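# Structural features, examined
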Amino acid sequence: MKLWLHSVWIAMATQAFQRWLLYLVAAGVLSTAVLMWLFPRRAGQAAVAVGRVLIEAWPSMLLVAVAVLIAAAARSRGTAQRTGQGPQLPLLVHVALLLGLAIGVAFGLGTLLWTAVGRPALTGSPSAPAPAPNVSGPPGAVTAASGWTLTNTFDAMKIVLAVVGGVGGVVALTVAYRRQHLGEAAEHREESKERRENTKLFNERFTKAVELVGSDKAAVRLAGVYAVANLANDWPGGRQMCVDVLCAYLRMPYTPPVAAKPAGEPAAAPAEDVTDSVPVGTSGRDPYEERQVRHTVIRLIRDHLRLPTTNPHSWQGRDLDFTGAVFDGGDFSRVHFSGGMVSFAKATFSAGAVSFAKAVFSGGEVTFEGARFFGGMVSFAEATFSGGEVAFEAARFCGSEVLFQKAAFSDGLIGFGRAVFSDGEVDFADATFSGGEVFLGQAVVSGGDLIFVDTLFDGCKVSFDFTRFSGGRVYFEGACFRGTVSFQRARFVGGLVDLKRAIGDVRPTFSFNNKLPNGLLLPDRWLPPSDMPLPVPTP
């Protein structure tokens, strides 16, 4: 049934059906005029009968007509908005429907007036003498038996003229409404056409820019990189796609250029844990030229991440995927990683200086999981980490200098779980941890320096659970613990963990009972009873 009604509605919406409907209405009006001319008496009786039916049922019929017109107008307007076309009804049909509605309203009002004056008889001659006044009622009142008078005729003519004027107003309003509706539909079509043309233009620019980025010539690649960045600024809808292209360029295989060593200087022996520190293979491009292109990509990303979110060209909140990228330098200082997903997972920091100094990591997730720090320096000095998560899970620190000096961590998680510290230096001097959690559980410290000098742990949880200390040095000189610090199940088999000058009344928790492990230095107030120093006798 629903499908059948839908088919009938579609058929009624066609122009052919509407044209034949107009023909049928015109034929019906013409036939009625001929019958009234040929048979005036019977036509009058039929009109009186129809009038009586209409008088009895006019409220219901009027409401049904209004409901049908409203439903038809709503469906026509919805179809026009979806397709970008104007109204489906022809102008004559639209005017005819509204005229019918106006006539129905006028007829209803006339019926109400006729009912209000007592339903006087509609028969009688206009030239007949006026009936005697109704002495039983107020002056000027007309009873049901008073009949139709000349005054009534004049009043009826006034009403007819008013109705004709109202009909003209309805026609004018209908034409004006359709003109406005058609103008809005045309404007909507123009906007849709403009959007399609803009999208086509952006796609063409994107294709050409990507072709430039893939060129074998460094100068052409640079031009392509700038073209992609400019397109990202001009095309908000495709901005993430353009950012993805720039990040993908940094993920491409890359072998950093090796600096020449002075004559007679032996080559440096490879570190114990560095067996695959630099990706092998080459793209056949000049490594020095390629480095310039890659550093330009990093600079463009940095500049757009420094812009505030109110700037229409800001890239804050976008996903940045540097998974597996090779960095031999680059500047991300003072950028804002707010929201979105930022991934340096399995990235390689092999040489040069990469700076995240004074960067802001707020919300979202930043991951360095599985990253490899094999050389150069990576600085997070004075960076701010608030909320969200920063993960260095399973990262390998094998020769780089990684600085977190004066960094601020609040209400989030920084995780170094399963990380390997075999060489180099990781420095948290003067850093502040307030709230949140610092997790270094299951890590391996076999070399290098892990520094927490003058670090403040305020109301946070610090965990070295299951960490293995087999070499290297871990310093907590001047570190202040105002939260919980746990070394549960940690193994001290070599190296040095110096907590002797740590500050705090809350003793860290350890798994040993009375014997202090070798390489672990604690202040006297934290020593187990068997290792407490003997009191010095007074003379």
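Residues numbered from 1 in each chain as written. Predicted model: local features only at pLDDT ≥ 70, side-chain atom pairs only at ≥ 80, totals over all residues. Heavy atoms only, no water.

Below, the discussion takes up the pattern of salt bridges. Tallied over the full model, the rule gives 10 salt bridges. We note a salt bridge from arginine 302 to aspartate 331, for which the minimum N-O separation is 3.1 Å. One end of the pair, arginine 302, is in helix H8 (residues 287-306); the other, aspartate 331, is in strand E3 (residues 330-331), and 29 residues separate them in sequence. Residue classification places arginine 302 among the buried residues on the basis of a relative accessible area of 12%. A relative accessible area of 28% places aspartate 331 in the partly exposed class. Between aspartate 331 and arginine 306 there is a salt bridge whose closest N-O contact spans 3.9 Å. Of the two residues, aspartate 331 sits in strand E3 while arginine 306 sits in helix H8, which places them 25 residues apart along the sequence. A relative accessible area of 27% places arginine 306 in the partly exposed class. Residues joined by salt bridges that share partners form a network here, namely Arg302, Asp303, Arg306 and Asp331. (Salt bridge = Lys/Arg side-chain N within 4 Å of Asp/Glu carboxyl O. Helix = DSSP H or I, 4+ residues; strand = E, 2+ residues; numbered from the N terminus. Buried < 20%, exposed > 50% of the residue type's maximum accessible area, 1.4 Å probe, protein only.)

On the basis of which strands lie adjacent, the open sheet formed by 7 strands has the order E4-E8-E12-E15-E18-E21-E24 and parallel pairing. A strand with exactly one partner marks an edge of an open sheet, and here the two such strands are strand E4 (336-338) and strand E24 (480-481). Across 3 bridges, the pairing between strand E8 (residues 360-362) and strand E12 (residues 384-386) is parallel. Its bridge partner being in E12, phenylalanine 361 is matched across the sheet by phenylalanine 385. (Pairing = 2+ DSSP bridges.)

This paragraph deals with the side chain of serine 314. The residue serine 314 is located in the loop between H8 and strand E1 (320-321) in this model. Take serine 314: its relative accessible area is 8%, and that puts it in the buried class. Of note is the side chain of serine 314, whose polar atom sits 3.4 Å from the backbone oxygen of proline 308. If sequence neighbours within four positions are ignored, serine 314 has contacts with Arg239, His304, Leu307, Pro308 and Thr309. (Polar contact = N/O pair within 3.5 Å; in protein donor to acceptor, adjacent residues only side chain to side chain. Contact = heavy atoms within 4.5 Å.)

This next bit is on the confidence of the model for the chain. With 66% of its residues at a pLDDT of 70 or more, the chain has an overall mean of 79. Of all secondary-structure elements in the chain, the lowest mean pLDDT belongs to helix H1 (residues 2-12), at 48, while helix H7 (residues 239-251) reaches the highest, 97. Under a pLDDT of 50 for its full length, residues 1-6 has, in the predicted model, 1 contact with residues more than four places off or in other chains. Confidence drops under a pLDDT of 50 for residues 124-128, and excluding neighbours within four residues, the segment shows 2 contacts in the predicted structure. (pLDDT = per-residue confidence, 0-100.)

Next up on the list: unusual backbone geometry. Phi at glutamate 382 takes a positive value of approximately 60 degrees, unusual for a residue other than glycine. Of note, glutamate 382 is situated in the loop between strand E11 (377-379) and E12. Residue glutamate 382 is classed as partly exposed on the basis of its relative accessible area of 42%. Even without a glycine there, the phi angle at arginine 418 is positive, about 65 degrees. Relative to the elements of secondary structure, arginine 418 occurs in the loop between strand E16 (413-415) and strand E17 (420-427).

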